[in-house]
Every structure is written in C-alpha cells, then in structure tokens.
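Here are the chains, one letter per residue:
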Amino acid sequence: MPRYYEDFPEYISIEQRRKKARRHAAQLGATSPVIIEGFRIAKTFWGKSWCQNLERYSDYSNRLPRGRTYVRNQCVVDLQISSGVVTARVSGSRLYNVEVKVSPISKAHWKEVCSDCAGAIESVVELLEGKLPKLTMERLCREKTGLFPTPAQMKFTCSCPDVARMCKHVAAVLYGIGARLDQQPELLFTLREVDLPELITNASREMTNTKTAKLLEDENLAELFGIDIIQPKRRRRK
C-alpha cells in the first residue's frame, strides 16, 4: 500500500520544541532569548507597529506564519539588536545562525520625519510609550517613509539549508524584533541608525518657538518683561 505522507516532516509538539530550545540555549550560555508570554507576540505600540509593518508586505506572507509559531515556541534563543544589524540564534532541527541587515534611514528621509513631527513631541518618555497624538504616530509608522524598513531595505542570511529568501528562522527573528521592541523601543532608533534625541530636540525647539511667538502675540509686553514701554505720540492734525 503506498505511503502518501512519507515526505511530510515529523510532527514535533510544542513542549518538545521548547525543550530542545532550552537545551540549545544552555549550550550557548549567556543569551538574550525572546520569551513570549501569552498568545500575542507584541503588546505595546512599537512592538505591534513593527509586526504590522512586516505583515503589510506580500513579499513575506508565505513565511510569516511559520515564523510566528517558532517565536511563540521560544525557539529564538538569542537576539541582539545593534546599529544596522540584528543577530540571532534560532533552535530548529539544530541551532541556526540568523543575521538581518537593515539599511539606515537616509539623512533626507530623517530630516523629513523630524520636520513633520516638529512641535508634536514633548518628551522621550511619551515617544517611547507611544503616547503621542494619533497623526504624529501615524507619521512615524507611515509605509515606506516612516521609521520601519521596507523589504528592499532588509537583507537576511541563515545557516539553515532553506534556499528561500526568507526561511522560517528568519521570520521568527523578525517577529522576535517586534517582541524585543515591546521591552526596549529605543532599539528601533539604534537599528535604523538615527539620533533619537535629535528628533526630540527638533520637535521641542519648533514647539518652543511656536509657543513663544504665540505668547508674544497674546501677552502685554510690559507686563511680560516688567518694563515700561513708551507708546509713540500721535501727531496732531493741523
């Protein structure tokens, strides 16, 4: 009798997969694993926005579901985010090395972002917590011209034998980045190689200038500066 399913991979339960991941993590020693609590991969504004950006591109649609499964099963046993690159170790049939290179935001692009957000960001805390006006947050997350990379701005490598541009291990790491941004949203700015304080400084400077101008329009200058201002004498008509 023919066997129709002999080419299917052997089923591995969630618990088996997690045990293997823990063994691989123990082999590595000190690591920074991605731990997902509950079903949702990301829970905060920046983590969710990263994941939503991934899912808006059809380039990734075929591989993302397997990546979600892997990251939920705690298979990303180490993930490090630095300037322009993410390195990770993913537990699969064996331990695989994954690297995600992300292009920096261009100076012109960054200047536009800073200009568009000027006057709307009062503090780093509010920005990292995602507690800004809706229009400002939408600008920062805008497709192609926001802070998140497009497919063309990312290059992946994995030590697994899968020849696809994005294997399931890479997909797991991409979701792992979203989970990590839940805890450390400032790493997004590190990854894209832009200066977070510069965004705040430009926005605050514009806001200060605007408020000052408005104040000078609305307030009595004599009362504001505590000085006597001599009003020009009107000429009498002859």
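Criteria and thresholds
- Each chain has its residues counted from 1, following the order in which its sequence is written.
- Local features in this predicted model are restricted to residues whose pLDDT is 70 or higher, and side-chain atom pairs enter the listing and the counts only when it is 80 or higher, whereas totals over whole chains, interfaces and linings include all residues.
- The side-chain figures draw on all heavy atoms in the structure; neither hydrogens nor water molecules are used.
- Only runs of H or I of at least four residues qualify as helices and only runs of E of at least two qualify as strands under DSSP, and these elements are numbered from the N terminus.
- When accessible area is computed with a 1.4 Å probe and restricted to protein chains, residues below 20% of their type maximum are described as buried, those above 50% as exposed, and intermediate ones as partly exposed.
- Note on contacts: a residue pair is in contact if any heavy atoms of the two residues lie within 4.5 Å.
- For every accessible area listed, the method is Shrake-Rupley and the probe measures 1.4 Å; residues are considered covered only by the protein chains on display.
- Strands were regarded as paired on the criterion that DSSP finds at least two bridges between them.
- Helix axes are fitted to C-alpha atoms over the stretch in contact, other axes to C-alpha atoms as well, and angles between N-to-C directions run from 0 to 180 degrees.
- Buriedness for pockets is judged along seven lines, at least five of which must meet protein on both sides within 12 Å for an open set on the 1 Å grid over protein atoms alone, while cavities are sets there where a 1.4 Å probe fits but cannot get out, and lining residues have an atom within 4 Å of a point.
- Grid points are joined across faces, edges and corners, and a volume is the space filled by probe spheres set on the points.
- Under this grouping Gly is polar, as are all residues other than the nonpolar Ala, Val, Leu, Ile, Met, Phe, Trp, Tyr, Cys and Pro and the charged Asp, Glu, Lys and Arg.
- By convention in these notes, a salt bridge is any Lys or Arg side-chain nitrogen within 4 Å of a carboxyl oxygen on Asp or Glu.
- Each angle is binned into one of four classes, with values under 35 degrees roughly parallel, values over 145 roughly antiparallel, values of 65 to 115 roughly perpendicular, and all other values oblique.
- Handedness of a crossing follows from how the near helix is turned relative to the far one, being left-handed for an anticlockwise turn of less than a right angle and right-handed for a clockwise one.
- By convention, a stacked pair of Phe, Tyr or Trp rings (six-membered ring in the case of Trp) has centres within 6.5 Å and planes under 30 degrees apart, an edge-to-face pair has planes over 60 apart, and any other such pair is tilted.

1. Things to note about the overall build of the protein
Each helix and strand counted, the protein has 10 helices and four strands in total. Secondary structure elements in the protein, listed N-terminal to C-terminal, are α-α-α-β-β-β-α-α-α-β-α-α-α-α. Expressed as a percentage of its 238 residues, the buried residues of the protein come to 39%. For the protein, the proportion of contacts with a sequence separation of at least 24, taken over those separated by at least 6, is 73%. Element-wise, carbon and sulfur atoms account for 50% of the exposed surface of the protein, whose accessible area totals about 14,900 Å².

2. Focus on the sheet that holds strand β2 (residues 85–91)
Within a sheet, adjacent strands bond to each other through the backbone by hydrogen bonds, running parallel or antiparallel. An order of β1-β2-β3-β4 is seen for the four strands of this open sheet, with the pairing classed as antiparallel. Both edges of this open sheet fall to β1 (76–82) and β4 (154–158), since each of them pairs with a single strand only. Averaged over all pairs of adjacent strands, the angle between strand axes in this sheet comes to 10°, irrespective of strand direction. Sheet topology note: the strand β3 (residues 95–102)/β4 ladder contains five bridges and is antiparallel. Counted as the bridge partner of V98 is C158 from β4.

3. Brief notes about the layout of surface pockets
Computed from the structure, the second largest pocket encloses a volume of approximately 150 Å³. For the lining of the second largest pocket, the secondary-structure elements that each account for two or more residues are α2 (45–55) and α3 (64–72). Here the lining of the second largest pocket takes four residues from α2, the largest share from any one element. Grouping the amino acids of the lining of the second largest pocket by side-chain chemistry returns five nonpolar, one polar and five charged.

4. Brief notes about the pattern of salt bridges
For the coordinates displayed, the defined rule picks out seven salt bridges. For R68, the salt bridge identified is with E55, shortest N-O distance 3.7 Å. Of this pair, R68 sits in helix α3 while E55 is found in helix α2, placing the two residues 13 residues apart along the sequence. By relative accessible area, R68 is classed as partly exposed at 22%. For the salt bridge of E99 with K101, the shortest nitrogen-to-oxygen distance reads 4.0 Å.

5. Observations concerning the packing of α2 against helix α7 (residues 168–183)
Axis angle and axis distance: for two packed helices, these are the angle between their axes and the distance between the axes, and together they describe the pair. Viewed as axis vectors pointing N to C, α2 and α7 meet at an angle of 160°, and their least axial separation amounts to 7 Å. Regarding the angle of α2 to α7, the classification is roughly antiparallel. Our pair here, α2 against α7, has a crossing hand that is right-handed. For the pair α2 and α7, contact is made by W46, G47, W50, C51, L54 and E55 and by L174, Y175, I177, G178, L181 and D182, respectively.

6. A few points about the environment of K155
Structurally, K155 can be placed in strand β4. For the pair K155 and R165, spaced 10 residues apart in sequence, the C-alpha to C-alpha distance is 8.6 Å. What K155 contacts, discounting residues up to four positions off in sequence, is E99, V100 and K101.

7. Describing the pairing of β3
Along any regular strand the residues' side chains alternate between the sheet's two faces. Pairing between β2 and β3: seven bridges, direction antiparallel. If you follow R89 over to β3, its bridge partner there is N97.

8. Focus on the packing of aromatic side chains
Throughout the structure, instances matching the rule amount to six aromatic pairs. Taken together, the aromatic side chains of F45, W46, W50, F148 and F189 make up a single cluster linked through ring pairs.

9. Considerations on the pairing of β1
Taking burial as the measure, the seven residues of β1 include five buried ones, the bulk of the element. Counting the residues that bridge the hairpin from β1 to β2 gives two residues, and of these G84 lies at a positive phi of roughly 75°.

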